[in-house]
Every structure is written in C-alpha cells, then in structure tokens.
Amino acid sequence: MSALWSVGAGLLLLLLWVRHRGLEAVLVHHRWVFVCFFLLPLSILFDIYYQLRAWAVWRLHSAPRQHAQRVRHIQEQVREWKKEGSKRYMCTGRPGWLTVSLRVGKYKKTHKNIMINLMDVLEVDSERQVVRVEPLVSMGQLTAYLNPMGWTIPVVPELDDLTVGGLIMGTGIESSSHIYGLFQHTCVAYELVLADGSLVRCSPTENSDLFYAVPWSCGTLGFLVAAEIKMIPAKKYVKIHYEPVRGLQKICEKFTEESKKKENSFVEGLMYSLDEAVIMTGVLTDEAEQSKINKIGNYYKPWFFKHVEKYLKADRTGVEYIPSRHYYHRHTRSIFWELQDIIPFGNNPVFRYLFGWMVPPKISLLKLTQGEAIRKLYEQHHVVQDMLVPMKSLEKSIQTFHVDLNVYPIWLCPFILPNNPGMVHPKGNEAELYVDIGAYGEPKSKQFEARASMRQMEKFVRSVHGFQMLYADCYMTREEFWDMFDGSLYHKLREQMNCKDAFPEVYDKICKAARH
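What comes next concerns the included structure. Everything numeric here is computed off the predicted structure, so don't read it as measured data.

What counts, and at which threshold
- Residues numbered from 1 in each chain as written.
- Predicted model: local features only at pLDDT ≥ 70, side-chain atom pairs only at ≥ 80, totals over all residues.
- Heavy atoms only, no water.
- Helix = DSSP H or I, 4+ residues; strand = E, 2+ residues; numbered from the N terminus.
- Rg over C-alpha atoms; globule rule 2.2 N^0.38 Å.
- Buried < 20%, exposed > 50% of the residue type's maximum accessible area, 1.4 Å probe, protein only.
- Contact = heavy atoms within 4.5 Å.
- Areas by Shrake-Rupley, 256 points an atom, 1.4 Å probe, with all protein chains shown as cover.
- Expected span 1.5 Å × (residues − 1).
- Pairing = 2+ DSSP bridges.
- Phe/Tyr/Trp six-rings, centres within 6.5 Å; stacked < 30°, edge-to-face > 60°.
- Lys NZ or Arg CZ within 6 Å of the ring centre and 35° of its normal.
- Axes fitted to C-alpha atoms, helices over the stretch in contact; angles between N-to-C directions.
- Parallel < 35°, antiparallel > 145°, perpendicular 65-115°, else oblique.
- Left-handed = near helix turned anticlockwise from the far one by under 90°.
- Nonpolar A, V, L, I, M, F, W, Y, C, P; charged D, E, K, R; others polar.
- Disulfide = S-S within 2.5 Å.
- Core = buried A, V, L, I, M, F, W, Y, C linked by side-chain atoms within 4.5 Å.
- Domains from an automatic or database assignment.
- Salt bridge = Lys/Arg side-chain N within 4 Å of Asp/Glu carboxyl O.

## Some remarks on the overall build of the chain
Thinking step 1. Looking only at helices and strands, one finds 21 helices and 17 strands in the chain.
Thinking step 2. Expected size for 516 residues packed as a compact globule is a radius of gyration near 24 Å; at 23 Å, the chain falls within 12% of this value.
Thinking step 3. Seen along its three principal axes, the alpha-carbon backbone of the chain occupies a region of about 60 × 60 × 50 Å.
Thinking step 4. Across the 516 residues that make up the chain, the buried fraction comes to 55%.
Thinking step 5. In the chain, of all internal contacts separated by at least 6 residues, the share reaching a separation of at least 24 is 74%.
Thinking step 6. For the chain, the accessible surface area stands at approximately 23,100 Å², while carbon and sulfur atoms represent 54% of it.

## A few points about helix α17 (residues 450–463)
Thinking step 1. For α17, built from 14 residues, the straight-helix expectation of 20 Å at 1.5 Å per residue is met to within 8% by its first-to-last C-alpha distance of 20 Å.
Thinking step 2. Every buried residue of α17 is listed here: Ala 450, Ser 453, Met 454, Met 457, Glu 458, Phe 460, Val 461 and Arg 462.
Thinking step 3. The inward-facing, buried residues of α17 contact α15 (371–381), β14 (383–390), α16 (394–404), β17 (467–468) and α18 (478–484).
Thinking step 4. His 465 sits one or two residues past α17 and shows a positive phi near 60 degrees.

## Observations regarding the pairing of strand β15 (residues 410–417)
Thinking step 1. Among the eight residues that make up β15, seven are buried, leaving the element largely enclosed by the rest of the structure.
Thinking step 2. Where strand β11 (residues 266–273) meets β15, three bridges bridge the pair, whose relative direction is antiparallel. Note on β15: the bridge partner recorded for Met 271 is Ile 410.
Thinking step 3. Judged from the eight bridges that link them, β15 and strand β16 (residues 432–441) form a sheet pairing that is antiparallel. Following the sheet pairing, Trp 411 is matched in β16 by Gly 438.

## Examining the packing of aromatic side chains
Thinking step 1. As enumerated under the stated definition, the model contains 26 aromatic pairs in all.
Thinking step 2. Summarising the aromatic geometry, the rings of Tyr 300 and Tyr 353 are spaced 5.4 Å apart at their centres and angled 20 degrees between planes, so their arrangement reads as stacked. Of this pair, Tyr 300 sits in the loop between β12 (276–285) and α10 (304–314) while Tyr 353 sits in helix α13 (residues 349–355), and the two are 53 residues apart along the sequence.
Thinking step 3. In this structure, Arg 330 packs its charged tip against the face of Tyr 327, placed 4.1 Å from the ring centre.

## Considerations on the sheet that holds β15
Strands belonging to one sheet form pairs held by backbone hydrogen bonds; the direction of such a pair is parallel or antiparallel.
Thinking step 1. Pairing within the open sheet is antiparallel, and its eight strands lie in the order β13-β10-β12-β11-β15-β16-β14-β17. A strand with exactly one partner marks an edge of an open sheet, and here the two such strands are β13 (318–323) and β17.
Thinking step 2. In this sheet, β12 lies alongside strand β10 (residues 237–246) in antiparallel orientation, the contact comprising ten bridges. If you follow Arg 246 over to β12, its bridge partner there is Glu 276.
Thinking step 3. Where α10 meets the sheet, it contacts β10, β11, β12 and β13, and its direction lies at approximately 50 degrees from that of β10.

## A closer look at the packing of helix α9 (residues 248–259) against α16
Thinking step 1. Packing of α9 against α16 brings their axes to within 9 Å, and their N-to-C directions diverge by 130 degrees. Regarding the angle of α9 to α16, the classification is oblique. Once α9 is placed against α16, the crossing between them reads as right-handed. Taking contact as the criterion, the partners of Leu 248, Gln 249, Cys 252 and Phe 255 in α9 are, on α16, Leu 394, Glu 395, Ile 398 and Gln 399.
Thinking step 2. Of the residues belonging to the contact of α9 with α16, the class tally is five nonpolar, two polar and one charged.

## Side note on the state of the cysteines
Thinking step 1. One pass over the structure, following the stated rule, counts zero disulfides.
Thinking step 2. Here Cys 202 stays free of any disulfide, with the sulfur of Cys 187 as its closest cysteine sulfur at 10 Å.
Thinking step 3. Accessibility expressed as a relative area gives 0% for Cys 202, which makes it buried.
Thinking step 4. Left unpaired, Cys 499 is separated from the closest cysteine sulfur, that of Cys 202, by 12 Å.
Thinking step 5. Overall, Cys 499 belongs to the buried group, its relative accessible area being 0%.

## What to know about the sheet that holds strand β7 (residues 199–202)
Thinking step 1. Taken in spatial order, the five strands make up an open sheet running β3-β4-β8-β6-β7, and their pairing is antiparallel. Only two strands of the sheet have a single neighbouring strand rather than two, namely β3 (121–125) and β7. Across the sheet, the mean angle from the axis of one strand to that of its neighbour is 15 degrees, orientation sign disregarded.
Thinking step 2. Sheet topology note: the β3/strand β4 (residues 130–133) ladder contains four bridges and is antiparallel. In the strand pairing of β4, Glu 123 is matched with Arg 132.

## Description of the nonpolar core
Thinking step 1. Core analysis: the largest hydrophobic core is formed by 146 residues, its most contacted members being Tyr 190, Leu 210, Phe 481 and Phe 485.
Thinking step 2. Per-domain counts for this core show at least three residues from each of domain 1 (64–233) and domain 2 (237–330).
Thinking step 3. Discounting chain neighbours no more than four positions away, the residues touching Phe 485 are Trp 216, Met 423, Val 424, Phe 467, Gln 468 and Leu 470.

## So, the pattern of salt bridges
Thinking step 1. Here the structure, examined in full by the defined rule, presents 27 salt bridges.
Thinking step 2. Among the ionic pairs, Glu 158 bridges to Arg 330, the shortest N-O distance being 2.6 Å. Residue Glu 158 is found in the loop between β5 (151–152) and α6 (164–169), and its partner Arg 330 is found in the loop between α11 (324–328) and α12 (339–342); the two are separated by 172 residues along the sequence.
Thinking step 3. Residue class for Glu 158 comes out buried when judged on its relative accessible area of 3%.
Thinking step 4. Its relative accessible area of 4% is what places Arg 330 among the buried residues.
Thinking step 5. Between Asp 508 and Arg 478 there is a salt bridge; the shortest N-O distance is 2.7 Å. With a gap of 30 residues between them, Asp 508 in helix α20 (residues 506–510) and Arg 478 in helix α18 connect regions that are remote in the sequence.
Thinking step 6. Classification of Arg 478 as partly exposed rests on a relative accessible area of 36%.

In short, geometric facts, not functional conclusions.
Right, here's the structure in full:
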C-alpha cells in the first residue's frame, strides 16, 4: 500500500508541475516527461491489445472467413459514395495519426472516409512460397507469424509498425534490397477495390498495367484489400561483419563493392561523420559461435546504432551472430536514432534495464500528441528524409547531404532497381544499383532553412535521376514532381479507370505545395 501511495504522490506532484509550467511548455521543452510517464505505458497497452487480437484470430482461423465479408463492406461503401453523386474524393478511414509518416493528412477531414478494417494474415502457401495478407498487417506482426513456421519475407523494412499497405502504396527497403529490390518487387499480386466498386486482382500476367502502377501511387488508384508476397526460408541467425572505414572515397568504394556481392545477404552502412562510417555485411546461417551471439533486440541491450559506433571508436572489425528476428528489427527500439532526441537518456544502462522493455513509444501516439507547436518546431528544425540515388552518384550525394543538412548518423542501404513500368525505374533500359540515403535528425548546417534547403536537395536528386520517398515532406512543384517520377502509366490508368473524380492525384495528396 505504501508503494501505491508513493506512486500516487509522485503523479500528483508531476501533474502540479505540469500545471505550473503549462502543458505546451512541457510538451515542447520536456517532452521526455510526457513520453515516459504517459506514452510508453499507453504504447504497451496498444501492443498487448494487437497481440491478443492476432492470437485470437490465429486460434479461431477467422481471418480467411471474414476477409470476403469485409471486402464486400468496402465495396458497399464505394457504391454508396457513387449513389451520393461522387461529390468528394475518397480515402481510407484510418486516422492520419495512425500512419508512420510524419506528415499530417488534412485531407481526411474533407474526403469521404472508407472504413477498411483489414489487418490479418490470410494464408501461407508453402508450395508457391507466397504469403497472402491484408494491407494493415505490420512487419512486426508478419515476422512473428512466419518465423516459427520457418519462413520470412525477402525484404523486411525496419520498424515493427510499418504496414504492408503503406510499403506497397509508398515504398519500403531493407539491407537485403541489393538482391531483392524494394518491397514492391517482392510482391506477386495485389487485390484492389476500384472507383466503381469492383474487386480486381492484378499481377505481372493479369492486369499487369495496374500491377506496376500501384506502387508509389499512395492509394490514388484504388483501395488495396490484399497482397501476395514472396517467402524465403528463414534461418536462425545473421552472421554480421562490422568494418570501420575512414575517408569518404574509401567509404563509397567499400560500400559499392560489398553491395555488388550477391553472397552478402545483407549490406548496410552507418555514417557518423563525412569521413567516418561502419560498413556491415551479413549472411543468413543456422550455425553460430555461442560466444559471439548478440541478442541485440533484448530490451536491456544498447541501441543498435550506438553498439555499431563502438567498432568505429575502437577502430576494429568484428563478427557477431544476431538472431534473425532481432536483426530484422534492430533499429526499432531507438526508431533508428530519433529516440535520442525525445528521451536523451534512453540509452543509459539504468534506463534500459528498468524501462527499456517499454521502448519504443508508438510513432502514431507521438504524432497524435505532438501538438501544433511541436509540429512546427519539427518542420523547421528537424528532417526525416530518404533519398534514393544511383550508386554511381553516392559520393556526390553524401557531400550534398553534408553541405545542405549536416545530419549524422546517415543510413546507407543499397537496392537493385529493375527496369519495370511504373513511377520509379532507372533511366536506362537495364536494372541499376541504387542506394537509399536516410537522414533523420536535427540539421547542423548553419544555412539550413526547411523549405529552401529541401528544395535544393530535391533539385539535386532530380539531377542524378533519383527519387524521394513520399512519406516525408515534399516541397516540389507539380512540374518538378513529374520530372522526378514517370507518370505516364499512372495518368493513363487514372483516365481509364475513372479515378479523377474518385481519388486525388498523388501529387495533391502528398506535396506541401499542393496542400498549403
């Protein structure tokens, strides 16, 4: 009872302090207080609810039976919209704060919201090596479902809460992408409800134009209701090799060399300054040296990017065996390195051992509670951007990131970009090796100004025939946007399928110039 009294007294003092300082001041200048005392416990409750729900669905085998009924309900909503005169654009009814994107979707308030409650794994086909899932299935949910069966998917994008639908309609990448391409390139079929309420399946051999136009379309061609994704056999561990490299030219040469090796199951680079990096390569294996096993995903372990930095500071190479699922979600606990700006002491051993099991807070809850003051602060003094550029332009790209942003660490992730139809493809007629350069944090560049600096970055990326991930803030004009992306197939299908009255154009949905 005395413990309860102590907790109660502590909470009362905390509330009095918040009242004295003002809620907005606390949220802006002491955000860790709100995150630690409110969002972390709330995030745990969210996780428990979704895990119990997934377990119940699995035990009752209800997902396949209910899927058809839920899809019919979506079709009925679309047909009802048509009966009402198609006066407004349609969009999914999922609240904007639930998405991982930091962008605030104001269109949800003005568009016709179509409720899509599709969040289950539908079928695992071991013969075809394909898993069929609904669009709101998350990466954490999917790997937890498949790994005990001895399967995984070829590209498992970071962060547990990323959903299949978001990764298809937007994009997704992982350190295996130098072999398999982007997340969309591991998908073999999509099922969509179109603007007329019809249900259509598309694949490379069936309605192929639609199949290639869906990725990067951000839900502006139809509502995704299911996807089929390739599976590969899972192994117990990833044998990972850490190699510190110094000098920008040597970093780029080493990273390019390793990215071209198909024997590497995984390739990743973390840059800690303009001329310091750790290049990591990994291979899947079922055997491990017991003394070198590192269960990096355990709550009390150091954040992964801090663990990697030790090899740079010690100037030594190293080899570890990381359990596969721990490796797939190695950046989840620290949200790459974003959590250090929210909970500055989050990697402290005392905090990790006492409260690390509650980390990370849900990105969706961070968005929901950020308020206008924090949103503007982040917009002007924080960047979260992924730019996809040809590997041959890597050195020049990193120099541009350094001058315009000066944000470290920088994430480097290679991927092969096939010459498929659609919005994103290489300039030539053959597949080309690209690299995702991820910048997340507070820019240290003295001349940084959000709009001007990002427009400069976007101009550079267009000049090297690169692409900007569309989850992030985009400042391009319509002409610049369609200079970066190939809209020929996309616009052709929007005309053919009568999408213009049903869904906004992708530019109008995601670009700041169109939304302000």
